[in-house]
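Structural description and commentary
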Amino acid sequence: MSRRQRLYLVLVLGSLIAVGPLTIDMYLPALPSIVTDLSTTPAAVQLTLTGTLAGLALGQLLIGPVSDAVGRRTPLLAGVGLHVVASLLCVVAPGIGTLGVLRVLQGLGIAAASVVATAVVRDLFAGAAFARLFSRLMLVMGAAPILAPTLGSAVLGWTNWRGVFVTLAAFGVLLIAVAAFGLPETLPVERRRHDGIAGTGRVYRSLLGDRPFVGLVLVTGLAMAALFAYVSGSSFVLQDGYGLDEQEFGLAFGAGALGLIAATQLNVRLLRRYTPQRILVTALAVGTAAGLLLIVLAATGIGGLAGLLAALWVVLAASGLALPNAPALALSRHGEAAGTAAALLGAVQFGVGALAAPLVGVLGTGSVAMALVVAGGMASALVVLLVVVRPARLAAVDPELAAGMAH
């Protein structure tokens, strides 16, 4: 594959990966206005976020095996098409219940984009080449959830929350065109799985029997839970608690992306000297410490808004170091069932996030509630890494991947 072809592939796959975070996060600045417009409660509105994450998790479990059986393109186009239809229906949703159901359908649709993008990388590349391309895609995966609310704030500058869903529908139509004409089928017929439901069950059993794989998947999910706790709670904390308007919230939220993006770029340099396993352990330890500090700052008010944001940005930076390494190490173990492995990874990743989002609401949607869930996610990820995966085992996960990610 030429350099130009590789760049084009990164752009296409990056767009597919980005549609998920954009769908989840673009409407965050509008959550308080949705509460007012639909005459509902903050907790009910946060459940629409949970619905999207739940649909995304369930959809990946279904679409992963299907893509291993019928190829990548058909599930991708069908899923993005469902996303477009659900987005358009969200524009005219009359109440919070309808909006919640449609957000679940949106999640089911974007699951196809997430699974297929990850599986295509595993179809086309292995070892060092896989690691390098996946690292670039992880930059999109990590930055998009943070940048999406900033984009949502820009949209809200000229329309209301329903206009956000018009924008998402338009992006989905663009993706269908790009995928239809620019993404060839990457899974040849001879490599497809034709062993039906029983075979799919055997694959899942095999994946779940791989202790390092399961541990790394859980680590990824818990780190994402910390990120989604910030995503779901920050609009209420920063707007209702600290009095920021939608545009100021978008700027503050977008500024957090700098720490995460800087960390992902630092990760490339660190990998020239250290293994991804070592970076993962260190990142989770730092993230846990920053999360505990966040609880103290939120509970006492010391440092005000600046102190709260600084601690949050350290957690985001830690996530920027952890999230590229844990999924890459996990997926490198199962190239023979890339779609199913990616599906299980994504399902856990977003399923745990779906639990984190309403938990912030249940605890009160304040800064302390958000801080508790953020810190809990990072601390739990560290515990799982040390107890389930065990650092000593990580050295044997995939030496080829560890070497490849250093380039």
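These numbers come from a predicted model, not from an experiment.

1. Topic: the overall build of the chain
Looking only at helices and strands, one finds 16 helices and zero strands in the chain. Within the chain, buried positions represent 58% of all 407 residues. Total accessible area computed for the chain in this model is approximately 15000 Å², and 69% of it derives from carbon and sulfur atoms.

2. Concerning the confidence of the model for the chain
Summary statistics for the chain give a mean pLDDT of 84 and a share of 89% for residues scoring 70 or more. In the model of the chain, helix α16 (residues 399-404) stands out as the element of lowest mean pLDDT, 49, in contrast to helix α4 (residues 73-91), which has the highest, 95.

3. Remarks on the layout of surface pockets
Its volume calculated, the second largest pocket comes out at about 150 Å³. Arg-3, Arg-6, Leu-7, Val-10, Leu-133 and Arg-136 are the residues that line the second largest pocket. Elements with a minimum of two residues in the lining of the second largest pocket: α1 (3-25) and α6 (127-156). Broken down by element, the lining of the second largest pocket gets its largest block of residues, four residues, from α1. Here the lining of the second largest pocket is composed, by residue class, of three nonpolar, no polar and three charged.

4. Section: the packing of aromatic side chains
Counting across every chain of the model gives two aromatic pairs. On the basis of an interplanar angle of 65° and a centroid distance of 6.0 Å, the ring pair of Tyr-27 and Phe-165 is categorised as edge-to-face. With a gap of 138 residues between them, Tyr-27 in the loop between α1 and α2 (31-37) and Phe-165 in helix α7 (residues 161-182) connect regions that are remote in the sequence. You'll find Tyr-27 and Phe-165 in the same group, each marked buried. Their ring planes at 90° and their centres at 6.2 Å tell us that Trp-161 and Phe-165 sit as a pair that is edge-to-face. Separated by four residues within a single helix, Trp-161 and Phe-165 lie in helix α7, roughly one turn from each other. Judged by relative accessible area, Trp-161 falls into the buried class, the value being 3%. Assessed through its relative accessible area of 0%, Phe-165 is described here as buried. An aromatic cluster of three or more residues is present, and its members are Tyr-27, Trp-161 and Phe-165. Between the NZ or CZ atom of Arg-103 and the centre of the ring of Tyr-27, over which it lies, the distance is 4.0 Å.

5. Focus: the packing of helix α3 (residues 42-70) against helix α5 (residues 96-124)
Contact geometry of α3 with α5 gives a least axis separation of 6 Å together with a crossing angle of 35°. The interaxial crossing formed by α3 with α5 has right-handed handedness. A per-class count over the contact of α3 with α5 returns 13 nonpolar, 11 polar and one charged.

6. With respect to the packing of helix α11 (residues 276-300) against helix α14 (residues 367-389)
Remark: α11 packs on α14, axes separated minimally by 8 Å, with the N-to-C direction vectors making an angle of 155°. By the criterion of interaxial angle, the relationship of α11 to α14 is roughly antiparallel. Where α11 crosses over α14, the handedness of that crossing is left-handed. Taken together, the residues of the contact of α11 with α14 sort by class into 20 nonpolar, four polar and no charged.

7. Focus: α3
End to end, α3 covers 41 Å across 29 residues, agreeing with the expected 42 Å (1.5 Å per residue, within 8%). The sharpest bend along α3 measures roughly 25° and falls at Gln-60. Downstream of α3 by one or two residues, Gly-71 has phi in the positive range, about 105°.

8. Quick notes on the pattern of salt bridges
In this structure the tally under the stated criterion is three salt bridges. Close ionic contact of Arg-162 with Asp-37 constitutes a salt bridge, the shortest N to O distance being 3.9 Å. Taken together, the residues span a long stretch of sequence, with Arg-162 in helix α7 and Asp-37 in helix α2 at a distance of 125 residues. Since its relative accessible area comes to 44%, Asp-37 is described here as partly exposed. Residue Arg-72 is joined to Asp-123 by a salt bridge in which the shortest nitrogen-to-oxygen separation is 2.7 Å. One end of the pair, Arg-72, is in the loop between α3 and α4; the other, Asp-123, is in helix α5, and 51 residues separate them in sequence. Residues participating in the shared-partner salt-bridge network are Asp-68, Arg-72 and Asp-123.

Reading guide: rules and limits
Residues numbered from 1 in each chain as written. Predicted model: local features only at pLDDT ≥ 70, side-chain atom pairs only at ≥ 80, totals over all residues. Heavy atoms only, no water. Helix = DSSP H or I, 4+ residues; strand = E, 2+ residues; numbered from the N terminus. Buried < 20%, exposed > 50% of the residue type's maximum accessible area, 1.4 Å probe, protein only. Areas by Shrake-Rupley, 256 points an atom, 1.4 Å probe, with all protein chains shown as cover. pLDDT = per-residue confidence, 0-100. 1 Å grid on protein atoms, 1.4 Å probe; cavity = no way out; pocket = protein on both sides within 12 Å on 5 of 7 lines; lining within 4 Å. Points joined across faces, edges and corners; volume = space filled by probe spheres on them. Nonpolar A, V, L, I, M, F, W, Y, C, P; charged D, E, K, R; others polar. Phe/Tyr/Trp six-rings, centres within 6.5 Å; stacked < 30°, edge-to-face > 60°. Lys NZ or Arg CZ within 6 Å of the ring centre and 35° of its normal. Axes fitted to C-alpha atoms, helices over the stretch in contact; angles between N-to-C directions. Left-handed = near helix turned anticlockwise from the far one by under 90°. Parallel < 35°, antiparallel > 145°, perpendicular 65-115°, else oblique. Expected span 1.5 Å × (residues − 1). Bend = angle between axes of the 7 residues up to and from the residue. Salt bridge = Lys/Arg side-chain N within 4 Å of Asp/Glu carboxyl O.

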